[in-house]
Amino acid sequence: AAVLTEPWSPPAVARCRRLARRIHGGERQVDGPLVTSTGPAFVVGCGVAGQGVARACKVADRPYVVVELNPQSVQLYRKQGEPVTYGDAVNEAVLEHVNIARAGLMVVSIPDPLATRRIVALARSLNPKLHIVARTRFLLSRDILKKLGANEVLVEEYEAALAVFKSTMTYFKVPAEMMDRHM
């Protein structure tokens, strides 16, 4: 038996997709609201980061749609009245279903680095004017995502390093202006 070293390894993703097809029936690739308005924000993934983006859209009073692959999450968020579409955003049909060609913003907040790359490249090809924000774990991925079309790349490794630096400086009671200068 193979040992999975990461929770989102290719075999795990394949199992999730098979489970989703069984739950939703057949080979349907997308299920959810068809977006017809211009300029909504699209959130790929409704984990902690995706929920934060959805909350920001609500505060800004802007329309948004979440694209999510986990069928249990889709059911939960639909019950809460959230605009969630079931589908795998690496699939062009899913992005076309949510009308990515007319979107203004897309935030890719999933932990899978290969899927993030594919989604960024595909979304850029379908909408050259789209503002794409992508999340990645490691600094080494930032340049790749930029070359693929991301406007902004948020690097978890870098953000964590800044937070640790700030915590350390706060512990040592370094004045805020000195902390800001060094950050």
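*Asks:* Pulling in residues and values, what's your account of the overall build of the protein?
*Replies:* Across its full length, the protein holds eight helices and seven strands. In the protein, which comprises 183 residues, the share counted as buried stands at 38%.

*Asks:* Report on helix H3 (residues 71-79), specifying residues and quantitative values.
*Replies:* Within H3 the residues assigned to the buried category are Pro 71, Val 74 and Tyr 77. Axial view of H3: buried residues confined to an arc of 130°, hence all on one face. Of the residues flanking the start of H3, the one acting as N-cap is Asn 70, its side-chain oxygen 2.8 Å from the backbone nitrogen of Gln 72. With its phi angle positive at about 85°, Gly 81 sits one or two positions after the end of H3.

*Asks:* So what's going on with the nonpolar core? Which residues, and what values?
*Replies:* One broad trend across soluble globular proteins is that nonpolar side chains are buried collectively. Counting 26 residues, the largest nonpolar core has Met 106 and Ile 119 as its most contacted members. Counting residues per element, the ones that place at least two in this core are strand S2 (41-44), strand S3 (64-68), helix H4 (92-97), strand S5 (105-108), helix H5 (113-126), strand S6 (131-136) and strand S7 (152-155). With five residues, the top contributor of residues to this core is H5. When residues no more than four places from it in sequence are discounted, the contact partners of Met 106 are Phe 42, Val 44, Leu 95, Ile 100, Ile 119, Ala 123, Leu 130, His 131, Ile 132 and Val 133. By size, the runner-up hydrophobic cluster in this structure holds 14 residues, among which are Ala 41, Val 74, Val 84 and Tyr 86.

*Asks:* Can you explain the packing of aromatic side chains? Please cite residues and give values.
*Replies:* In total, this model carries one aromatic pair according to the counting rule given. Taking 5.2 Å as the distance between ring centres and 75° as the angle between the ring planes, the aromatic pair formed by Tyr 171 and Phe 172 counts as edge-to-face. A single burial state applies to Tyr 171 and to Phe 172, both of which are exposed.

*Asks:* I'd like to hear about the environment of Pro 83, residue by residue, with values.
*Replies:* Relative to the helices and strands, Pro 83 resides in the loop between H3 and strand S4 (84-87). Apart from residues lying up to four places away in sequence, Pro 83 is in contact with Tyr 64, Val 65 and Val 66.

*Asks:* Residue-level account of the pairing of S5, with values.
*Replies:* Where S2 and S5 come together, four bridges link them in parallel fashion. Bridge pairing in S5 places Val 43 opposite Val 107. Bridge analysis of S5 against S6 gives four bridges, and the strand direction is parallel. Across the sheet, the residue bridging to Met 106 is Ile 132, located in S6. Where the polypeptide runs from S5 across H5 and back to S6, its parallel neighbour, the crossover connection is right-handed.

*Asks:* Talk me through helix H2 (residues 48-59); I want residue IDs and the actual numbers.
*Replies:* Compared with an ideal rise of 1.5 Å per residue, which puts 12 residues at 16 Å, H2 spans 17 Å between its outermost C-alpha atoms and is within 8% of the ideal. Looking at H2, one finds that the buried residues are Gly 50, Val 53, Ala 54 and Cys 57. Around the axis of H2, the buried residues are gathered within 100° of arc, so they sit on the same side. Turned more than 90 degrees off the buried face of H2, the exposed positions are Val 48, Arg 55 and Val 59. Tucked into the core, H2 has its buried residues touching S2, S3 and S5. Looking at the residues trailing H2, positive phi occurs at Asp 61, about 55°.

*Asks:* Let's hear about the side chain of Asn 127: which residues, and what values?
*Replies:* Relative to the elements of secondary structure, Asn 127 occurs in the loop between H5 and S6. Judged by its relative accessible area of 4%, Asn 127 falls in the buried class. At 2.8 Å, the side chain of Asn 127 forms a polar contact with the backbone oxygen of Ile 100.

*Asks:* Outline the pattern of salt bridges, supporting the account with residue identities and numerical values.
*Replies:* Pairing between side chains becomes possible if they bear opposite charge and their charged atoms approach one another. Going through the model one piece at a time under the given rule, you end up with two salt bridges. We note a salt bridge from Glu 82 to Lys 58, for which the minimum N-O separation is 2.5 Å. Of the two residues, Glu 82 sits in the loop between H3 and S4 while Lys 58 sits in helix H2, which places them 24 residues apart along the sequence. The partner of Glu 156 in a salt bridge is Arg 135, and the shortest N-O contact between them spans 2.4 Å. With Glu 156 in helix H7 (residues 156-171) and Arg 135 in strand S6, this residue pair connects regions lying 21 residues apart in the sequence. The exposure class of Glu 156 is partly exposed, given its relative accessible area of 32%.

The rules we used
Residues numbered from 1 in each chain as written. Predicted model: local features only at pLDDT ≥ 70, side-chain atom pairs only at ≥ 80, totals over all residues. Heavy atoms only, no water. Helix = DSSP H or I, 4+ residues; strand = E, 2+ residues; numbered from the N terminus. Buried < 20%, exposed > 50% of the residue type's maximum accessible area, 1.4 Å probe, protein only. Arc of directions from axis to C-beta. Polar contact = N/O pair within 3.5 Å; in protein donor to acceptor, adjacent residues only side chain to side chain. Core = buried A, V, L, I, M, F, W, Y, C linked by side-chain atoms within 4.5 Å. Contact = heavy atoms within 4.5 Å. Phe/Tyr/Trp six-rings, centres within 6.5 Å; stacked < 30°, edge-to-face > 60°. Pairing = 2+ DSSP bridges. Right-handed = clockwise from strand over helix to strand, strands pointing away. Expected span 1.5 Å × (residues − 1). Salt bridge = Lys/Arg side-chain N within 4 Å of Asp/Glu carboxyl O.

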